[in-house]
Amino acid sequence: MRFLLLCGALLAAVPALANDTSAVLTTGGLEFVTNQDIVMESEELFISKEEIRVIYQFRNTGEVDQSILVAFPMPDIVPNFFSPVAFPMGPDDNLFEFETTLNGEPVEATLHEYAFAFGVDRTKLIKQLGLPLVPISSQASEATDALDDETTARLLHLGMVAPDEFDAGEGWEKHYWPAWTYKATYTWEGNFPAGETVEVVHTYKPSVGGTVGVSFLSEPYEEYDPAKEYATKYCTDEAFLAAVRKTLTSPEEPWSAPFFESWISYILTTGGNWGGNGIGTFRLVIDKGSPDNLVSFCGEGVKKIGPTTFEMVKTDFWPQQELDILILERQPAN
């Protein structure tokens with residue numbers, strides 16, 4: 001797996017990994033719909049920094065065979081100038097190296113790609129200018145920075161590029177980098193025979209956001225309280241915070257904790273687009289990567305099942321919120 005690490009003009013992802021959902025293609029693009037006959041009997045979800053693996057058991061409870069369009073939304077890639085991040089850099093036609101099987105047989109999925117800025121679809125404009133849709137590649141950065149002044153001003157007005165001014169050692173330079181959000185969804189036709197259960201397996205490489213240090217121990221500034229945000233998003237409790245504070249090399253410097261932050265998000269709520277009472281049996285396994293790492297996420301009945309793995313099992317699970325995972329990766333000793 002290849003990753004692109006951008007520093008200097010640092011780019012960060014706001015990743016969102018997602019459950020299967022049924023979909024229809026319309027003139028306005030992809031729309032998600034509810035299917036009442038196809039029941040998700042079980043879902044096994046494995047999440048680590050290196051791989052996402054999802055195993056579904058779907059059952060057609062109706063009396064008619066169904067061939068439906070199944071959609072799998074991928075993480076949004078959101079350029080940002082604050083944190084270094086490792087992005088998945090698979091081939092151009094399969095950035096996340098997404099693979100899927102139906103009852104053990106490979107399925108060919110169709111990739112739908114879009115470029116958005118401030119909630120507006122700018123895909124057509126990006127293609128007209130001959131720019132890559134994926135904004136995090138070196139090709140996209142070079143192509144954007146090489147645009148003429150008139151085009152750059154237009155894209156700046158639309159919020160599609162971001163200026164970056166810095167001292168390059170021989171005076172100040174200004175460059176313009178891609179700032180649009182990349183959205184992608186894979187779709188494929190699934191055959192669901194009446195009264196039968198089929199197994200669907202997805203594997204792909206996650207997009208992982210993060211920081212070069214620990215940020216949630218910092219004091220609140222203006223209207224932003226990092227500790228409160230992390231407690232809400234990742235359920236970082238006092239025991240977790242105390243464990244991190246013990247590692248500070250300087251008690252007055254919250255950034256002195258010997259960790260990198262890694263963030264992974266997964267969209268669970270689309271699991272409610274299937275029939276029945278939600279997901280019959282849901283099993284989540286999260287791997288923090290190393291026994292020296294720390295992990296925090298919101299869940300009930302979580303138990304440790306290995307040196308680096310944690311498990312949560314639910315029955316008749318109707319997801320009400322998305323899953324956000326914080327992994328603190330211990331930095332190597334100097």
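Quick notes on the rules
- Residues numbered from 1 in each chain as written.
- Predicted model: local features only at pLDDT ≥ 70, side-chain atom pairs only at ≥ 80, totals over all residues.
- Heavy atoms only, no water.
- Helix = DSSP H or I, 4+ residues; strand = E, 2+ residues; numbered from the N terminus.
- Buried < 20%, exposed > 50% of the residue type's maximum accessible area, 1.4 Å probe, protein only.
- Contact = heavy atoms within 4.5 Å.
- Disulfide = S-S within 2.5 Å.
- Phe/Tyr/Trp six-rings, centres within 6.5 Å; stacked < 30°, edge-to-face > 60°.
- Lys NZ or Arg CZ within 6 Å of the ring centre and 35° of its normal.
- Arc of directions from axis to C-beta.
- Polar contact = N/O pair within 3.5 Å; in protein donor to acceptor, adjacent residues only side chain to side chain.
- pLDDT = per-residue confidence, 0-100.
- Salt bridge = Lys/Arg side-chain N within 4 Å of Asp/Glu carboxyl O.
- Core = buried A, V, L, I, M, F, W, Y, C linked by side-chain atoms within 4.5 Å.

Colleague: I would appreciate a short explanation of the overall build of the chain in the present structure.
Modeller: A tally of regular secondary structure across the chain gives five helices and 24 strands. For the chain, the proportion of its 334 residues judged to be buried stands at 50%. Restricting the contact set of the chain to residue pairs at least 6 apart, pairs at least 24 apart contribute 77%.

Colleague: Explain the state of the cysteines to me, please; I cannot follow it from the model alone.
Modeller: Between two cysteines, a covalent bond joining their sulfur atoms is known as a disulfide. Per the stated rule, a full pass over the model turns up one disulfide. Between Cys 235 and Cys 298 runs a disulfide, and the two sulfur atoms are separated by 2.0 Å. Residues Cys 235 and Cys 298 share a disulfide whose torsion about the S-S bond is about 105°; that sign makes it right-handed. Taken together, the positions of Cys 235 in the loop between helix H4 (226-234) and helix H5 (238-245) and Cys 298 in the loop between strand S21 (294-297) and strand S22 (303-304) put the pair 63 residues apart, joining distant regions of the chain. Accessibility expressed as a relative area gives 17% for Cys 298, which makes it buried.

Colleague: Explain the environment of Val 78 to me, please; I cannot follow it from the model alone.
Modeller: Topologically, Val 78 is positioned in the loop between strand S7 (66-73) and strand S8 (86-88). Spatially, the C-alpha atom of Val 78 lies 9.7 Å from that of Ala 117, the residues being 39 residues apart in sequence.

Colleague: Just checking my understanding: could you explain the packing of aromatic side chains for this structure?
Modeller: Each aromatic ring pair is described using two quantities: the centre-to-centre distance and the angle formed by the ring planes. Applying the stated criterion across every chain yields a total of ten aromatic pairs. Between the aromatic rings of Phe 216 and Tyr 230, the centroid separation amounts to 5.1 Å while the plane-to-plane angle is 40°, which identifies the pairing as tilted. Of this pair, Phe 216 sits in the loop between strand S17 (209-211) and H4 while Tyr 230 is found in helix H4, placing the two residues 14 residues apart along the sequence. Here Phe 216 falls in the buried class, since its relative accessible area comes to 1%. When the centroid spacing of 5.3 Å and the interplanar angle of 55° are considered together, the rings of Tyr 230 and Tyr 234 count as tilted. Placement of the pair is Tyr 230 and Tyr 234 together in helix H4, with a separation of four residues, close to one helical turn. The same class applies to Tyr 230 and to Tyr 234, which are both buried. Taken together, the ring pairs connect Phe 72, Phe 98, Tyr 186 and Tyr 204 into an aromatic cluster. Sitting over the face of the ring of Phe 46, Arg 53 holds its NZ or CZ atom 4.6 Å from the ring centroid.

Colleague: Help me understand H4, please; the structure alone is not making it clear to me.
Modeller: Helical geometry note: an α-helix holds 3.6 residues per turn, so side chains three or four residues apart project in the same direction. Of the residues making up H4, those classed as buried are Pro 226, Tyr 230 and Tyr 234. What you see down the axis of H4 is that its buried residues fit within an arc of 35°, all on one side. The exposed residues of H4 that point more than 90 degrees off its buried face are Lys 228 and Thr 232. Those residues of H4 that are buried are in contact with strand S18 (259-267), S21 and strand S24 (323-330). In this structure Asp 225 caps H4, since a side-chain oxygen of it lies 3.2 Å from the backbone nitrogen of Ala 227.

Colleague: In this structure, what is going on with the confidence of the model for the chain? I would like to understand it.
Modeller: Do not read the fine detail of predicted coordinates wherever pLDDT is low. Put simply, the chain has an average pLDDT of 84, and 87% of its residues get 70 or more. By mean pLDDT, strand S1 (residues 3-5) is the weakest element of the chain at 29, and helix H1 (residues 123-128) is the strongest at 97. Taken as a whole, residues 1-16 scores under 50 in pLDDT and shows 71 contacts with residues more than four places along the chain or in a different chain.

Colleague: Whenever I open this one, the pattern of salt bridges confuses me. Can you help?
Modeller: Think of it this way: side chains of opposite charge can pair up when their charged atoms draw near. The full count for this structure, using the stated rule, is eight salt bridges. Between Lys 49 and Glu 329 there is a salt bridge; the shortest N-O distance is 2.6 Å. Note that Lys 49 is positioned in the loop between strand S5 (35-47) and strand S6 (52-60) and Glu 329 in strand S24, a separation of 280 residues in sequence. Residue Lys 49 is classed as partly exposed on the basis of its relative accessible area of 23%. Lys 303 is the partner of Glu 311 in a salt bridge, and the nearest nitrogen-oxygen pair spans 3.9 Å. What makes Glu 311 buried here is its relative accessible area of 11%. Among the charged side chains, a network of salt bridges with common partners joins Glu 44, Arg 283, Lys 303 and Glu 311.

Colleague: It is not clear to me how helix H3 (residues 149-157) should be interpreted in this structure. Could you clarify?
Modeller: Every buried residue of H3 is accounted for by Thr 151, Thr 152 and Leu 155. Each buried residue of H3 lies within a common arc of 100° when the element is viewed along its axis, so the set occupies one face. Exposed residues pointing more than 90 degrees away from the buried face of H3 are listed as Asp 149, Glu 150 and His 157. Where H3 is buried, its residues touch H1, strand S13 (161-167) and strand S14 (172-178).

Colleague: Sorry, what's going on with the environment of Gly 190 here?
Modeller: With respect to the helices and strands, Gly 190 occurs in strand S15 (residues 181-192). Separated by ten residues in the primary sequence, Gly 190 and Val 200 place their C-alpha atoms 9.3 Å from one another. Sequence-distant contacts of Gly 190, that is, excluding residues within four places in its chain, are made with Gln 66, Ser 67 and Ile 68.

Colleague: Just checking my understanding: could you explain the nonpolar core for this structure?
Modeller: Grouped burial of nonpolar side chains is what soluble globular proteins tend to show. Leu 45, Ile 47, Phe 58, Tyr 182, Tyr 266, Leu 284 and Ile 325 are the most contacted members of the largest nonpolar core, which totals 58 residues. Non-local contacts of Tyr 182, meaning those with residues more than four positions away in its chain, are made with Pro 75, Asp 76, Ile 77, Leu 95, Phe 96, Leu 111, Glu 113, Tyr 114, Leu 133, Val 134 and Pro 135. Core analysis: the next-biggest nonpolar cluster, separate from the first, contains 14 residues, Phe 216, Tyr 230, Leu 248 and Leu 328 among them.

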